[in-house]
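# Reading the structure
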There are 4 protein chains.
Amino acid sequence: MDKNKILDSNKKYLQTHTETFDFLSNQLCSQGRDVTNILKKLSQFQVAIPSWALGAGGTRFGRFGFQGEPSNLEEKIDDVGILHSLTQTAGAISLHIPWDVPTDYDTVKERAKSQNIVFDAVNSNTFQDQKTAKESYKYGSLGNMTKAVREQAIQHNKEVIDIGNKLGSKSLTVWLADGASFPGQSNFQTVLQHTETSLKSIYEHLPQDWKMFIEYKPYEPNFYSTVIQDWGTSFMLANACGEKAYTLVDLGHHLPNTNIEQIVSTLMMKGKLGGFHFNDSKYGDDDLTVGSIKPYTLFLIFNALVYGMENNPQNPYPAWMIDASHNIKDPLEDLMQSLEAIQEAYAKALLVDQKGLLKAQQENDVVRCQEMLQNAYRTDVRPLLRQARLNSGGAIQPIATYRSLKIRKELIKKRGANSVASGL
Amino acid sequence: MDKNKILDSNKKYLQTHTETFDFLSNQLCSQGRDVTNILKKLSQFQVAIPSWALGAGGTRFGRFGFQGEPSNLEEKIDDVGILHSLTQTAGAISLHIPWDVPTDYDTVKERAKSQNIVFDAVNSNTFQDQKTAKESYKYGSLGNMTKAVREQAIQHNKEVIDIGNKLGSKSLTVWLADGASFPGQSNFQTVLQHTETSLKSIYEHLPQDWKMFIEYKPYEPNFYSTVIQDWGTSFMLANACGEKAYTLVDLGHHLPNTNIEQIVSTLMMKGKLGGFHFNDSKYGDDDLTVGSIKPYTLFLIFNALVYGMENNPQNPYPAWMIDASHNIKDPLEDLMQSLEAIQEAYAKALLVDQKGLLKAQQENDVVRCQEMLQNAYRTDVRPLLRQARLNSGGAIQPIATYRSLKIRKELIKKRGANSVASGL
Amino acid sequence: MDKNKILDSNKKYLQTHTETFDFLSNQLCSQGRDVTNILKKLSQFQVAIPSWALGAGGTRFGRFGFQGEPSNLEEKIDDVGILHSLTQTAGAISLHIPWDVPTDYDTVKERAKSQNIVFDAVNSNTFQDQKTAKESYKYGSLGNMTKAVREQAIQHNKEVIDIGNKLGSKSLTVWLADGASFPGQSNFQTVLQHTETSLKSIYEHLPQDWKMFIEYKPYEPNFYSTVIQDWGTSFMLANACGEKAYTLVDLGHHLPNTNIEQIVSTLMMKGKLGGFHFNDSKYGDDDLTVGSIKPYTLFLIFNALVYGMENNPQNPYPAWMIDASHNIKDPLEDLMQSLEAIQEAYAKALLVDQKGLLKAQQENDVVRCQEMLQNAYRTDVRPLLRQARLNSGGAIQPIATYRSLKIRKELIKKRGANSVASGL
Amino acid sequence: MDKNKILDSNKKYLQTHTETFDFLSNQLCSQGRDVTNILKKLSQFQVAIPSWALGAGGTRFGRFGFQGEPSNLEEKIDDVGILHSLTQTAGAISLHIPWDVPTDYDTVKERAKSQNIVFDAVNSNTFQDQKTAKESYKYGSLGNMTKAVREQAIQHNKEVIDIGNKLGSKSLTVWLADGASFPGQSNFQTVLQHTETSLKSIYEHLPQDWKMFIEYKPYEPNFYSTVIQDWGTSFMLANACGEKAYTLVDLGHHLPNTNIEQIVSTLMMKGKLGGFHFNDSKYGDDDLTVGSIKPYTLFLIFNALVYGMENNPQNPYPAWMIDASHNIKDPLEDLMQSLEAIQEAYAKALLVDQKGLLKAQQENDVVRCQEMLQNAYRTDVRPLLRQARLNSGGAIQPIATYRSLKIRKELIKKRGANSVASGL
């Protein structure tokens, strides 16, 4: 991405933007909000892009490909580079092993560095069988009844740590599909104990400055039970492993109607929220574009996150990642929509008058509590997002710029129409 | 309500309002939106207040009262009058019989008229036993296995029509609790046939210019089955009754994750959406303040409603009503929050560039489709709502005005602290 | 399958079976049940096996293969032949086009006939793109905004009818994935109208003695909306097409907590229940083995089906099919478990004292109603199922027999370990 | 209850019962099951009846009374006495304070003792305001923002312990309605901290040999958030309080599709399952008769409970209670249906061949695992239940006996038709 092209593209939006930004800025200042500080926080907020989100995802009913997909790790990094140039919010990539094992570490690191991309959490895969694998994960991995399978899964996770370590990653995300599709298929207590033992073994392999994130999910791909089915189980396992182990919350991994913001609050109070995966959904783990279905819930979650970041020093700064798929959109445009929705929710949460809210809560003035949240939410914060991007050299209008620069066309020219991204 | 007090109160908000309205108005005009027309539509949009929403509702675990509740029909009308004076959007009341049978029709009509309140749909009650009733609805009403019970329920509905007719209402809303709490308790086909026959009998009693609205609900107060469990059943019954019979959609009466906007679209296409009840919910029929949980869904529904009102001449103008309860808020403040949320969603839906959206749909440009909806939704439309109220003589800031005028205090002084509203 | 092997295998179970059957039979006779008639009905009840259920299914996260899968249509028919020999309940196969297009119709028909297998409903596929296809179904098929796509999808369905007709099928099942994954992506009314028009065009192509089944599903693979989202929409479309068009109910295609037996009752009363797909699920359309999660619900549905078959002459005899997948079980064993669960639920429903139940319902004796259903459900009907199979020459213990005859081993020897079934 | 009347009533059922019991007994013995031991366990299994379940419950839409309800504590004990005489499984009562405060402890204890009834867990009530209360629980109790309210709620719980102690209870159940109905209404972390502190204060008041049970529930009566929303939160609080604090699982207190048996297993492994409340539901916390909706789920839960009772010495023997309501059934008949369903599920779980199941699990033979569970579940165990009752002097057919003895009629004669039970 040529920076000048972005600057060029910004020209036509600049005047309108400046007017709306100035107007909003004045409005917010008169309400006592610190716009400069908000802009600074927005600029600092960086979300990792998972390598598998750069190709078209699919469902069990099939997959509709997209042209110009990145077919190797280098091209995936380039895609994130494009996103980051335009949005200035996607300064990290999260690799999935074995889909993204580097062949030449120096080249890969250089490629990332030159585009201001760092390597975020690395992800292991014990839910699929690799062709060269000796043991099968058909009946589980870290919690499998057979020791040899557990050993293979532990070993794989250790290798993932090693790979990540060479790239500068500082954390491992463990998502397990382990569970059962039929009642009676497995013994809940035994598989949970195996899982704990296996996790502890992986934990021992963590470098000093690393963290381990334990993801939970109620169902899919197993449809009766999942070993780590909820935050309570993940939290229990993280406590059993040690202080470098944390729970990871994925927005789509909850039963219908779960109050996710409350879970976030509890985990941060306990110092155990390690990572957060963004997406949106209406029915299950739909992995839709962030903010496309329930933007107010996203805001409420950010309200809890902002509160925790301000008030819970016991909790580390969480690792942020988008975990969405899309078989009917250009993946890069889709990710820009996700990034915009994330920043929007964050900005609105930053607008909440926390002191005023606390006072209203203490007075049990429920109407005022609601008014205060809705006042922040109803504010059109897009000028703040644009200004934050502008300050960092990004595009005022990322998607419009991406389209006017015909970037996808360029990618197709370079990579071919039928390239297929590795991964889901 | 003294109009001058509202005007007085507006003074302190006027300058800020004018600035933000002018700025937004210019912005929207430059995007091709017709602000004058939008304001006109907002002013015309009137939502009925149900008489039972003016007292504190409760749950099966108990009820926490609120002071100064209206204890008779006249006081309920006065409460709606207050709401309407402030918001200029609540120009109708919806009565529930037998809770609100007028003793003197002329007085009641005069009281309403003087406050610019009309009588919207009347609601029958066959889910509770009245002390004087001969038959019990314990095992159903219009679908009861016993003819005498069905007859009593039919007769009651006819009387409700007669009462409504004397007041100037033009529609009857029938909500049935009929169903079963245990498998085997009732024969699905028999009770459905009885229900259809009973509805037809009530339909025959409708005055020429009346409509009958048939509500549906999947569960509660019956917890295994409900006779009219979904829109499909209601639609089938409405078709069986005739052209004056319509389906009524209540936002809270759906199974988890139902796509309600699609139901609205289908019904309007078929000319059968008669009424709409607003509320919000996270878990079931929670009857929370409109827009307090899923404001984006409300916007999507309004997008479908606006589309239907523009493109479906076969569908009558729907009857709008708030159907929420609240045992922890001042009912009047709660209703003002609901009215604000409804108007906000309506205003945003009016901002959608329908032509542009259609073009993007035809081109399968999913990203642009989403951008167009979100562009409308992300706009802060509060200045439009304030201007619409101002144009009609209402309050720029209804809740703040209500508080500064100490209206609740006045009501308590007049009605006493322990007055209890009839109804749920 | 050599019949004698089954007879041989039966010998060791015969005495125990006879004792339990005789005991149960006496017990039921003393309660006034007609055991002979029940056995006859069980023998007549035949469920179609879909061709795609004979290989291991998977999820979007991957697929774990099973050895000895049938790799062509002939082998699929043989698999159904094995099932039918053992269970005497699987005397039909349901083909999916284009996965199962016969190359030689005579051979295929002969192969089926020799194993007493008939060809049930044929299924079209407009949710995946075939390599040779000109148009893509990425954005819909029968409801696509583009006419050329709709035409291709219509033409495909007509060809499926023609193929089915040559094989002796008498019905077409249309399942559409059409819908949207994002709000705004499509216009609900337009796509519904297109869908109706397309279905009518296919309907015109139906031979005189054919039926068309219209399936519905709330979500997946689209995650915001589905064009035919519920029975109400399907029913409306079936009515629009004509008397040969019917609704098809798939157990897994409902929102959480839907009362499916009530839908079945309503459709049968209206003479519009054309087909029924069996499976089970805990979370969504999990496609688990029938009866593995909610056997009581299955019984309640069968209770509604039995009632309808006895009392609704306006409804045709429904087409039954299993629609489950399984990536962790031997598909043939899994299907035998499904068949057993279906027959069990049917047998229990046949035990319900319908006259006694009606009387209890009329007396509003809810406790007795429940007792009557539970009395039938709690009866251990396995001896009836075994006797019905025995009467037809099947196996007393199908799975045990399948295992003792080492049938899977034989199939692997014949087909190889790595054969892969076409289809999902 | 005159014992002789029950014995008389048994006569007409005895022969049939003996035949079916003998037949089943032989069958089970030949499968290696220890029938004598199973009968012993069934006899020992006693379930507490909550005092509030003896009157007709209702919904927020109203309540339909039942004749002859017990109007004071003594009569409630008598009702449990009737249940226990007939079923021999209801040897305990669970009191709710302040609804059931004894006026004369000795009389009450004597009344219970004479009917073989013990006093199980006592329940506090901080979700309703009592007329004499100084502070209101409208905005919470143990987690209230105001110290005086928290103090009142703590004090109340201590008094409940004292009352229970005088009666011989050994445990306190704390169910909190605390939560919020609107986003922003409360600060998740603050109210959780307050709740923990309050619970610890109550815990300090527990006598040496007492336990405290902490109940959880996702929603209702609050509809946005609940302080103790899930087992994870309850477990965390129980750990914070100490070794006498446990989690209590109520079947109806879960989000849709939750795998409850897995929660039970985890808690027992951790030694923290203190109590269990039985009921059934299709939609939410419907509080229907146990086993009336999902009997297979109940069996799976009992399978987990039986496993835990055999293998988890670290977990105390749980306190069992029915927590259902019913406004359309005679409460006593309803409770007998619940008791039967509980014993049925327990008996079936006792039939599971645990060693065989473990072996099948170790071999990943999913089909066999399912067969083993279903073999136990499909067995008609009613003869075992009858024999267990017979052994203890109860009725072979409790409901039929209750009806033939016209017990309700007697109660109405004694108490009047319009007596109203205190409580929900």
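Residues numbered from 1 in each chain as written. Chains lettered and ligands numbered in written order. Predicted model: local features only at pLDDT ≥ 70, side-chain atom pairs only at ≥ 80, totals over all residues. Heavy atoms only, no water.

### Digging into the interface of chain A and chain C
Counting from both sides, the interface comprises 42 residues of chain A and, opposite them, 42 residues of chain C. Roughly 3800 Å² is buried in total at the junction of chain A and chain C, and carbon and sulfur atoms are behind 66% of that figure. The residue Arg-60 of chain C makes a salt bridge to Asp-285 of chain A at a minimum N-O spacing of 3.0 Å. When grouped by side-chain class, the residues that make up the side of chain A that touches chain C number 20 nonpolar, 11 polar and 11 charged. (Contact = heavy atoms within 4.5 Å. Buried area = accessible area lost by both parts, 1.4 Å probe. Salt bridge = Lys/Arg side-chain N within 4 Å of Asp/Glu carboxyl O. Nonpolar A, V, L, I, M, F, W, Y, C, P; charged D, E, K, R; others polar.)

### Regarding the relation of the copies chain A and chain C
Superposition of the two copies of the chain requires a rotation about an axis and a shift along the axis. Each copy of the sequence occupies a distinct position, and chain A is placed on chain C by a rotation of 180° and an axial shift of 0.0 Å, giving an RMSD of 0.0 Å. Both copies of the chain, as the preceding transformation shows, are related through a two-fold rotation axis. Rotation axis and chain A: the residue whose C-alpha lies nearest the axis is Arg-60 of chain A, separated from it by 2.3 Å. The share of interface residues of chain A whose copies in chain C are also at the interface is 100%, consistent with both copies meeting through the same surface. (Least-squares fit on C-alpha atoms with pLDDT ≥ 70 in both.)

### What about the environment of Asp-100 of chain C?
Residues and elements named next belong to chain C. Looking at the secondary structure, you find Asp-100 in the loop between strand 2 (92-94) and helix 4 (105-113). On a C-alpha basis, the gap between Asp-100 and Ser-51 in space is 7.7 Å, while along the polypeptide they are 49 residues apart. A distance of 2.3 Å separates the side chain of Asp-100 from the side chain of Ser-51, its partner in a polar contact. (Helix = DSSP H or I, 4+ residues; strand = E, 2+ residues; numbered from the N terminus. Polar contact = N/O pair within 3.5 Å; in protein donor to acceptor, adjacent residues only side chain to side chain.)

### Considerations on the pairing of strand 11 (residues 319-322) of chain A
Residue and element names in this part refer to chain A. Side chains Ala-319 and Met-321 of strand 11 all project onto a buried face; the interleaved residues Trp-320 and Ile-322 project onto the opposite face, where all are buried too. Bridge count between strand 10 (residues 273-278) and strand 11: four bridges; the pairing is parallel. Within the sheet, the bridge partner assigned to His-277 lies in strand 11 and is Met-321. Between strand 10 and its parallel partner strand 11, the chain crosses via helix 9 (residues 295-311), and the hand of that crossover is right-handed. (Buried < 20%, exposed > 50% of the residue type's maximum accessible area, 1.4 Å probe, protein only. Pairing = 2+ DSSP bridges. Right-handed = clockwise from strand over helix to strand, strands pointing away.)

### Remarks on the environment of Gly-179 of chain C
Residues and elements named next belong to chain C. Locating Gly-179 in the fold gives a position in strand 6 (residues 179-180). Looking at Gly-179, the relative accessible area reads 18%, which means it is buried. The spacing of Gly-179 and Arg-368 is 189 residues in sequence and 45 Å in space, taken between C-alpha atoms. In this structure, Gly-179 is in contact with Gln-185, Asn-222, Ser-225, Thr-226 and Val-227, ignoring residues within four places of it in sequence.

### Structural notes on the relation of the copies chain A and chain D
Overlay of chain A on chain D (RMSD 0.0 Å): rotation 180°, translation along the axis 0.0 Å. The residues that chain A uses at the interface reappear at the interface of chain D in 98% of cases, marking a shared surface.

### Focus on helix 12 (residues 366-378) of chain C
Residue and element names in this part refer to chain C. Its 13 residues give helix 12 an end-to-end C-alpha distance of 18 Å, which sits within 8% of 18 Å, the value for a rise of 1.5 Å per residue. Counting buried residues along helix 12, 10 of its 13 residues qualify, which places the element largely inside the surrounding structure. Listed in full, the buried residues belonging to helix 12 are Val-366, Val-367, Cys-369, Gln-370, Met-372, Leu-373, Gln-374, Ala-376, Tyr-377 and Arg-378. (Expected span 1.5 Å × (residues − 1).)

### Quick look at the side chain of Glu-340 of chain D
Residue position: Glu-340 of chain D is located in helix 10 (residues 331-351). A polar side-chain atom of Glu-340 of chain D sits 3.0 Å from a polar atom in the side chain of Arg-389 of chain D.

### Quick notes on the interface of chain A and chain D
With 51 residues of chain A in contact, the opposing surface of chain D contributes 50 residues. Taken over both partners, the interface formed by chain A and chain D buries close to 4600 Å², and the fraction arising from carbon and sulfur atoms is 59%. Summed over the shared surface of chain A and chain D, the result is zero salt bridges. For the pair chain A and chain D, the number of links is 18 residue pairs in polar contact (both at pLDDT 80 or more). Sorting the residues of the side of chain A that touches chain D by element identifies helix 6 (188-204), strand 8 (225-226), helix 7 (231-241), helix 8 (260-269), helix 9, helix 11 (354-362) and helix 12 (366-378) of chain A as the ones contributing at least two each. The leading source of residues in the side of chain A that touches chain D is helix 8 of chain A, at seven residues. Its residues placed into classes, the side of chain A that touches chain D shows 24 nonpolar, 23 polar and four charged.

### A word on the packing of aromatic side chains
Tallying each qualifying case throughout the model produces 85 aromatic pairs over all chains. With 5.6 Å between their ring centres and 5° between their planes, Phe-278 of chain B and Phe-302 of chain B make a pair best called stacked. Note that Phe-278 of chain B is positioned in strand 10 (residues 273-278) and Phe-302 of chain B in helix 9 (residues 295-311), a separation of 24 residues in sequence. For Phe-278 of chain B, a relative accessible area of 0% translates into the label buried. Classification of Phe-302 of chain B as buried rests on a relative accessible area of 0%. Between Tyr-317 of chain C and Trp-320 of chain C, the aromatic rings sit 6.0 Å apart at their centres with planes inclined by 90°, giving edge-to-face as the arrangement. The partly exposed category is assigned to Tyr-317 of chain C, whose relative accessible area is 49%. These aromatic residues form a ring-pair network of at least three members: Phe-45, Phe-276, Phe-278, Phe-302, Tyr-317, Trp-320 and Tyr-346 of chain A. A cation sits over an aromatic face here: Lys-272 of chain B above Tyr-246 of chain B, 5.2 Å from the ring centre. (Phe/Tyr/Trp six-rings, centres within 6.5 Å; stacked < 30°, edge-to-face > 60°. Lys NZ or Arg CZ within 6 Å of the ring centre and 35° of its normal.)

### Structural notes on the environment of Glu-261 of chain B
The residue Glu-261 of chain B is located in helix 8 (residues 260-269) in this model. Remark: the alpha-carbon pair of Glu-261 of chain B and Leu-251 of chain B, spanning 10 residues in sequence, is separated by 9.9 Å. Beyond its immediate stretch of four places on either side in the chain, Glu-261 of chain B contacts Thr-297, Leu-300, Ile-301 and Ala-304 of chain B together with Phe-188 and Tyr-224 of chain C.

### Side note on the packing of helix 5 (residues 147-167) of chain B against helix 6 (residues 188-204) of chain B
Residue and element names in this part refer to chain B. Axis separation between helix 5 and helix 6 bottoms out at 9 Å; the angle between their running directions is 30°. Between helix 5 and helix 6, the angle is such that the two are roughly parallel. Crossing hand, helix 5 versus helix 6: right-handed. Of the residues in helix 6, those touching helix 5 at Arg-150, Ile-154, Asn-157, Lys-158 and Ile-161 are His-194, Ser-198, Ser-201 and Ile-202. For the contact of helix 5 with helix 6, the class distribution of residues is three nonpolar, four polar and two charged. (Axes fitted to C-alpha atoms, helices over the stretch in contact; angles between N-to-C directions. Parallel < 35°, antiparallel > 145°, perpendicular 65-115°, else oblique. Left-handed = near helix turned anticlockwise from the far one by under 90°.)

### Some thoughts on the pairing of strand 10 of chain B
Residues and elements named next belong to chain B. Of all six residues that make up strand 10, six are buried, and the element is covered over most of its length. Pairing geometry for strand 9 (residues 245-250) and strand 10, over four bridges, is parallel. Each residue of the ladder has a partner; that of Asp-250, found in strand 10, is His-277. Note that the unit made of strand 9, helix 8 and strand 10 has a crossover that is right-handed.

### Considerations on unusual backbone geometry
A negative phi holds for most residues other than glycine; trans holds for most peptide bonds. Note the cis peptide between Ile-97 of chain B and Pro-98 of chain B, where omega equals 20°. With respect to the helices and strands, Pro-98 of chain B occurs in the loop between strand 2 (92-94) and helix 4 (105-113). For Lys-406 of chain C, which is not a glycine, the phi torsion comes out positive at approximately 50°. Summarising the element assignment, Lys-406 of chain C is placed in the loop between helix 14 (398-404) and helix 15 (407-415). With a phi angle near 50°, Asn-364 of chain D is a residue other than glycine that sits in the positive phi range. Inspection of the secondary structure assignment puts Asn-364 of chain D in the loop between helix 11 (354-362) and helix 12 (366-378).

By themselves, these observations are geometric and do not establish any function.
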